[in-house]
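Now for the letters of each chain:
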Amino acid sequence: MAQSRAEQLLNQQLTAFLAGVPARLREDRDFGLLWEQMGESDERVAAAARDYNDSVHALNSRIVAFPSNIVAATTKVARAQYFLPGGRTR
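Now for a description of the structure that goes with this document. Predicted model, so just to flag it, every value in this text is computed and none were measured.

### Observations regarding the overall build of the protein
Scanning the protein for helices and strands turns up four helices and zero strands. Secondary structure elements of the protein, listed N to C terminal, follow the sequence α-α-α-α. A compact globule built from 90 residues would reach a C-alpha radius of gyration of about 12 Å, whereas the protein, at 20 Å, exceeds it by more than 25%. By principal-axis analysis of the C-alpha atoms, the protein measures approximately 65 × 20 × 15 Å. Burial status across the protein gives 14% buried among its 90 residues. Across the protein, the fraction of contacts at a sequence separation of at least 24, relative to all contacts at a separation of at least 6, is 38%. With 11 positive and 10 negative side-chain charges, the protein shows a separation of 13 Å between the mean positions of the two kinds.

### Details of the side chain of Asn 60
By the secondary structure assignment, Asn 60 is in helix α3 (residues 29-62). Owing to a relative accessible area of 4%, Asn 60 belongs among the buried residues under this scheme. Setting aside residues no more than four positions away along its own chain, Asn 60 makes contact with Arg 79, Ala 80 and Tyr 82.

Rules used throughout
Residues numbered from 1 in each chain as written. Predicted model: local features only at pLDDT ≥ 70, side-chain atom pairs only at ≥ 80, totals over all residues. Heavy atoms only, no water. Helix = DSSP H or I, 4+ residues; strand = E, 2+ residues; numbered from the N terminus. Rg over C-alpha atoms; globule rule 2.2 N^0.38 Å. Buried < 20%, exposed > 50% of the residue type's maximum accessible area, 1.4 Å probe, protein only. Contact = heavy atoms within 4.5 Å. Lys, Arg positive; Asp, Glu negative; His and termini not counted. Charge placed at Lys NZ, Arg CZ, Asp CG, Glu CD.

Geometry only, nothing functional implied.
Encoded structure:
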């Protein structure tokens, strides 16, 4: 949890820093590649979060449906928490 908060803070600070870069530098090819890679990384993180939340939904649905609920109760499987931006859960 602490690592996810630290990563979120780093991402916010890096994004704010890059947004304040002068226009002349933003037009540089290397800077453009960096910006593109950051966007791709954000998309991969978002896709992984969606996949995780889909798995959480499937698990939570199964542990309340018969007969899976009997197995879940005997093995003490608990409901999982969804991932929210910023490392929060619900």
